Structure formats: structure tokens, C-alpha cells
Amino acid sequence: MGVDDVPLDDKAKRMRDLLSSFYSPDPATSSGNSSNFDSLDAINTTSFDADQYMNLLVQKSNLEGLLQKHVEMAAEIKNLDTDLQMLVYENYNKFISATDTIKRMKNNIVGMEANMEQLLEKIMSVQSRSDGVNTSLFEKREHIEKLHHTRNLLRKVQFIYDLPARLGKCIKSEAYGDAVRFYTGAMPIFKAYGDSSFQDCKQASEEAMSTVIKILQGKLFSDTESIQTRAEAAVLLKQLDFPVDSLKAKLFEKLEQSLEDLQLKTEEITNVLENSNDPTNLATTNDASVHEFVEAIRAYRVIFPNSEKQIIKLAQDLITKHFEITQQYIKEHISVSKFLGVLRIIWRDVLLMDEVLNEAFLPDYSLEAAQGVVKQYVASTFSHLLRDISDGLTVNVQTKRKEGEEELPLQVALETSKNAVLKGSMDVLVDLHYLLDDNLGFLLKLRDSIIDWVQEGFQDFFRALDKQFLLLSGKNKSASQEQGLAEGIVVDKVLAGLVLVLAQLSVFIEQTVIPKITEEIATSFSGGGVRSFENGPAFVPGEICRIFRSDGEKFLHHYINMKTQRVSVLLKKRFKAPNWVKHKEPREVHMFVDLFLQELEAIGAEVKQVLPQGGLRRHRRSESNGSTTSSRSNQLRDDRMTRTNTQRARSQLLETHLAKLFKQKVEIFTKTEFTQESVVTTIVKFCLKSLLEFVRLQTFNRSGFQQNQLDIQFLRAPLKETVEDEAAIDFLLDEVIVGTSERCLDPILLEPPILDKLIQAKLAKKREENAITP
């Protein structure tokens, strides 16, 4: 106690030393090492040496220090005197209080000895009287106990004699539990006296119980009885020492058969959900059966204590079959609320069985099965969305072909498809978000997985949509024939318009749908992370945008090629049919020109329904780069009129054409934009190039050459009104004239008056036809 544990001020340290010296006067208990007295703090020890202390103080302190120490010690002495007085006063008060207490105790004890003697005398008197009463009543009490014992024996004997009648009443009222209880209560008496006094009662009771056992066995193996009734019958048979263990296999076989009644039926789910807006109403049809199964599990565990493995397997099989039925059910197009309703029913069954089979870990077991079901539902949602979009693009087309109706405007098909892709995708996100908001046990654990499945679903959905677009456009003919998508579709009209719709729809997906879906996924489906790092992110918007940007360009060029091929067939027929070497003089514009312009008009009508109108840029050739169309035609005409030699005229024409090719810088084929004018212009250019190729394969006389001159001249005005690049069209038309002249035996142009007269006659005829046609 003399060693300080914590820093204290001097006063507190001295007070503790005083108390220590007061309660421990033995010097041996204090730490009295002589080495400790070599300091100024040794004044508080029991072996204090004043001379040594003064010598040490004089050695270590100067005069001012000694005076300061003197003042401090004087103040400390006064304080110690005051503390000592307070300590004496406090102890004095305690001694006075203790003295008063002792006096009061002495006064209270003074009369207690006499009272104790009186109490002892009264106790002895009561004891003597009690002994007298017991002695006088002993014989009567013994007699009463014998009578009571005899009465109990008579009751038991009466119960034994009444037992057969009691058992008969229980059988009539089907109170088999009471019958078993009565019989098991009488079994000890039957074992002791059944062969002598109660032989008849025992035999009658055994006959009645044999009837009860047969009835219980019938209930146990009856297919019409409930699981609870079977379990109760098994418990009663076991109480009768019936060899139930030998029936264990049959009992579990019956329990397995009863699981079929507990399974969720697809037709039951459909009927309940169709007749009620609340999917949880299905629980009312299933809860009773599940409760019976739970009670049966309790009973079977009592009957067969070592059958946990079999019972656990039955419970797991029931959960597995629930999820298998759910998988069959979600193949149909069901709402997320109905799907969650079925999951709630399964989860309720899991919790009910988990109460009696905790060691089966059914919540964890159901989590594995739920993982596959929820993943299938997410995938099914995207499959139905893909089917809806595909049906919107193809079903109407096939129906129109069968019924012979006029096709709907492509604009309607485009807007419907846009709405199906955008709104359908956003609706899918909203519906699947309900899976994240629900508080079901396995859905909470699958939250990160659901987020990954949704992102993967969109990635796979757009890849599948890309493949579907390719099939519908005919780019993948082998696959489309396998799936039957191209069967029954009019390739020249319907499919071409469908390809144009797909082109514009691909652009819409790239520019509008993917950004909105990306934003919604970042807001509502962020997180996940179940996928391994090596697999990369689940949803990659950049990749999808690249795919549909490429698709849009492919479909646009595919549409242009299809239309060009159709017109090329018309042009091919035109130039292969007649004998151009024996052609007669031109009298009117050939009807292929009308067919050509009609095809271009139909193309323009389709394009206007789907593509936006762009800024019309008409490219005209300047005089510095070459002559205009009229000057070129006049030059060609003048060249033919001034030459009399055919060979010389052809040579001059070729020289003039080559010179103009080097002078002019006309860009014929430019990048096709997603606008009406750009697509029509590209198609016209390709058609004119095809026309030029067909011309170069034929040989013309003068009349044939002039017929082509007339047809081409008539086409100039309507084509230049249709396209945005007049310079390129002018150049290609001139190319056709030059190519015809190269293949002409006598390239002499028509006179301008004759050419204008024939063109005006054709225009007047068209005006009359337009006036007649309503």
C-alpha cells in the first residue's frame, strides 16, 4: 500500500499513508528498504530518521528552498491537525451511535426470556392434545383407508366389466382414440388376472379391439382418407403394440402417393388466376393439403424416429415438383404479379414444412430450384417480347396475302414496330423490377443474380432481334426457309417494303431505344456482380449500337438492290425482246418508259412512308466542267448532221465523249443516306447503269438508236424531278446515248422538231389517261 499506483497530489498521498500506518502498524508489512530513504519523500514512512532527512534536505536545497520547505511543512502540519481532529470527531460520533444501539437492544431483550418460556409451555400442551386425538382416531382412520382402497378396487373391477360395452360404443361412434386409451389402461389388469377372474372380459375386449385394429388398418391404407387420418391411425396402432415398423415401406409409399394431391396443378393455377385478380387466393386451395402433410410429417416422425432422411426426401421432392409445375406454367405469357403469386405459395409451403423439418434446410434447397425458375421467367419474358415484335412485322403480311386485302401503309407498320420495341422493352424493365421489390426469401438472395439476368437478357434479346431481322429481310435465306418465315411472302412488294421498315427500325433502335434502356438499367438495375470478371459486363450498349448501325446500312442497301433487280428485269426484257437491227422508225415513246416510271413512283411511295425527307440538294453541272444536257444533246445532234461518213461520225462521237469524261468531274455513286431523296436517287443511278449494260450487249440500226434517243430524252424531265443529284443523272443518261451510238451501225440522231413532237404527243396522251383515271 505504500507504492503509488497512479499520480496523486501530496495531500492525498499523505492521507493515504496515515490511514495505511493506522490500519497496518506492523513495520514489516510496509516496504522499508533503506534505499528508499535516500529521498525527501521518506518523511511519510514508519522508519523516518529526522537527522538523516535534515542532512539530505540541506544538501539538496538552498536557503530559499529551505525557507519554502519550512512554509510548506508548517501549512501541512496545520492541515494534518485539522484532519486529525475531523477524524476523531467522526469516530466519536460512531462510538456514541453504537453505544445507543447496544442500550436499545438490551432494553428489548429484557422480557423476551419469559415470553419464550410461555410459548414453550403452550407448544407442549398442543402436542399432548394432538397425540390424544391421533390415538383416539387411529382405529377409525385405518378402517376408512381400507374402505377407500376397497372402493378403488371395486371401481377398477367395474371398469373392467364395463370395458367391452365401452369399446362397442366407441366403435359405433368412431371414437377409436378413446377405445385405444381405455384398452391400454386395462392392459395391466388383464396381464395380471386375465386368465382367471377377468377371462371373459379380456376375451370380449380383445374381440372388440381386433375390430378396431382392422378399421385402423383400413384407414391407414385407404386412398380416400386424408394424410392426417392415416397418420392418426398409425399412431393408434403403435399404441396397441401393433407391428407398425413392418408396414413402414407401405406407409411411406402411401405418403408418396399423397404428394400428387399436394402438387400445384397447371389447370388449377390457370383457373384460379383467371377467375381472380388476386393470385394469393390460390393459397386457400393448397394450404389445407399442405397443413395435413405437415401434420403427417409430425406423426410419422413420432412413429418412425429414424426416418428423417426419407421424410426430408419427400419434402424436397414436393418442393421440386412445385417448381417443375411452375416452369411449365411460365412458358405461357403470364404477368409478373401472377408469377409472384405462385412463388409466394411455394415459399409459404417451404416455411410450413421447415417448421417441422428444420434439419432439411428447405429454404436453402428451394433457393437452388427458384434460381432456375426465376432465370427461366426472365428469359421467357424476353422471348415473348421478341415474338411480339416479329409477329407485328410478319403476321399481318401473311394474313393480307391469304385474304387478298390491300397492304397497310408501311408507316403504320414502322410506328407499330417502334412502339413494340421501345414500349415493350420499358415494360419488361418495369415488370422485372417487381422481382427486386418483393420480399420473398429466395428473391432477396437472388437480387444480384436477377440484375445480371436482366442485363444478359437484354444483350441476348437484341442479338436475337438482329438475327430475326436478318431472317425477315432474306439475308439469311437458309435459316429463313427452315423457320418458314419467307414462305408465302410476296418478295417483290411486301418483302422489299419490310426490308425498308427494318432499315429504319434498326436506326431507331440504335439512336433511341438503346440509350433509354441503358439509362433505365443504370437507374433501376445497377449492381449485380455475380458474373465472373473474365466474362465482362452483362450488357454492352456500344456493341448493340454497332450491330444495329450495321444492320440499318445492310437493310437499306438490300432494299435498293431488290428494287434495282426488279427494274433490271423490266429493262432486260425490253432490250432482249426486239430485233434492234431490223427496228422500225420510232413513232412514239415505248411503253417500257411508263413501266419504269411507275416502278419509280411505287418506290417513292414506299420510301415516303418510312424514311424522313432530307434537304433536297440538286447537283447541276456548271459550264466550266462541261456542257449542260441540252448543249450536249445539241452537240451530238450537230455532230451527226455534219458528217456523212458513218465510220467518221462514230469516231468523232467517241472522241467527244472521251474528252468530256476528262473535263467533267461528276461523282456518280455517293454514300446513301437514310432519306427519301438519297434512296430514290441511288436506285435510279443503279437502274441507269443496268440500262447502260443492257445497251452495250445489243447492236442497233438507225431506227433502234433513234428509238432509244427518244425514250431517254423523255425520261430526262421526270427523273430529274425525282432525284436530288441532277448532274449525275444527266451524265448517266448521256452515257446511255453514247453507249447506244457505239453499238449503232448508223448513229444518226432524230431531228429536234421530230423529237419534240413525239415527246409532246406522249405527254398529251398521259394527260388524257390521268384525266380519265379517277
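Below, the structure is looked at part by part. (Residues numbered from 1 in each chain as written. Predicted model: local features only at pLDDT ≥ 70, side-chain atom pairs only at ≥ 80, totals over all residues. Heavy atoms only, no water.)

**Overview of the pattern of salt bridges**
When the charged atoms of two side chains lie near each other, side chains of opposite charge can form a pair.
1) Next: Under the criterion given, the structure shown has 16 salt bridges.
2) Next: As a salt-bridge pair, R463 and E543 come within 3.0 Å of each other at their nearest N and O atoms. Highlighted residues: R463 in helix α16 (residues 447-473) and E543 in helix α19 (residues 541-576), separated in sequence by 80 residues.
3) Next: The class for R463 is partly exposed, based on a relative accessible area of 34%.
4) Next: Taking the shortest distance from any N to any O, the salt bridge between E693 and R696 comes out at 4.0 Å. Pair noted here: E693 and R696 are both in helix α23 (residues 676-696), with a separation of three residues, about one helical turn.
5) Next: The partly exposed category is assigned to E693, whose relative accessible area is 41%.
6) Next: With a relative accessible area of 36%, R696 lands in the partly exposed category. (Salt bridge = Lys/Arg side-chain N within 4 Å of Asp/Glu carboxyl O. Helix = DSSP H or I, 4+ residues; strand = E, 2+ residues; numbered from the N terminus. Buried < 20%, exposed > 50% of the residue type's maximum accessible area, 1.4 Å probe, protein only.)

**Details of the nonpolar core**
1) Next: If you look at the biggest cluster of nonpolar residues, it comprises 130 residues, and the most contacted ones within it are L435, F458, F462, I509 and L719.
2) Next: The biggest single contributor to this core is helix α18 (residues 491-524), with 15 residues.
3) Next: Setting aside residues up to four positions removed in sequence, I509 forms contacts with V421, F462, L465, F469, I514, P515 and F548.
4) Next: In this structure, V180, A186, A208 and L236 belong to the second largest nonpolar core, which totals 23 residues. (Core = buried A, V, L, I, M, F, W, Y, C linked by side-chain atoms within 4.5 Å. Contact = heavy atoms within 4.5 Å.)

**Topic: the environment of F339**
1) Next: Tracing the backbone through its elements, the reader meets F339 in helix α12 (residues 336-356).
2) Next: We classify F339 as buried; its relative accessible area is 0%.
3) Next: The spacing of F339 and Y377 is 38 residues in sequence and 8.4 Å in space, taken between C-alpha atoms.
4) Next: Other than its neighbours up to four places away in sequence, F339 contacts T326, I330, I334, V373, V374, Y377 and L435.

**Describing helix α26 (residues 752-772)**
An α-helix turns once per 3.6 residues; consequently, residues spaced three or four apart project the same way.
1) Next: Its 21 residues give α26 an end-to-end C-alpha distance of 31 Å, which sits within 8% of 30 Å, the value for a rise of 1.5 Å per residue.
2) Next: Of all the residues in α26, the buried ones are L755, L758, I759 and K762. In an axial view of α26, the angular spread of the buried residues amounts to 95°, which keeps them on one side of the axis. Of the exposed residues in α26, the ones pointing more than 90 degrees away from its buried face are P753, K757, R767, E768, A771 and I772.
3) Next: Looking at the packing, one finds that the buried side of α26 touches α20 (591-610) and α24 (702-722). (Expected span 1.5 Å × (residues − 1). Arc of directions from axis to C-beta.)

**Thoughts on the packing of α19 against α23**
1) Next: Where α19 contacts α23, the two axes come as close as 9 Å, and the packing angle between them is 35°. Handedness of the α19/α23 crossing: right-handed. Along the contact surface, α19 presents L556, Y559, I560, K563, T564, V567, S568, L571, K572 and F575, while α23 presents V679, T682, I683, F686, C687, S690, L691, F694 and V695.
2) Next: The residue makeup of the contact of α19 with α23, split by class, is 13 nonpolar, four polar and two charged. (Axes fitted to C-alpha atoms, helices over the stretch in contact; angles between N-to-C directions. Left-handed = near helix turned anticlockwise from the far one by under 90°. Nonpolar A, V, L, I, M, F, W, Y, C, P; charged D, E, K, R; others polar.)

**Section: the side chain of D711**
1) Next: Secondary-structure assignment places D711 in helix α24.
2) Next: By relative accessible area, which is 1% here, D711 ends up buried.
3) Next: Among the polar contacts listed, one links the side chain of D711 to the backbone nitrogen of H590, at a separation of 3.1 Å.
4) Next: Not counting the four nearest positions on each side in its chain, D711 is found in contact with R574, V589, H590, F592 and V593. (Polar contact = N/O pair within 3.5 Å; in protein donor to acceptor, adjacent residues only side chain to side chain.)

**Some words on the side chain of K418**
1) Next: With respect to the element layout, K418 can be found in helix α14 (residues 410-437).
2) Next: Although buried, K418 forms no salt bridge, and the nearest oppositely charged side chain, E415, lies 4.1 Å from it.
3) Next: Setting aside anything within four residues of it in sequence, one finds K418 in contact with K423, L505 and F508. (Lys, Arg positive; Asp, Glu negative; His and termini not counted.)

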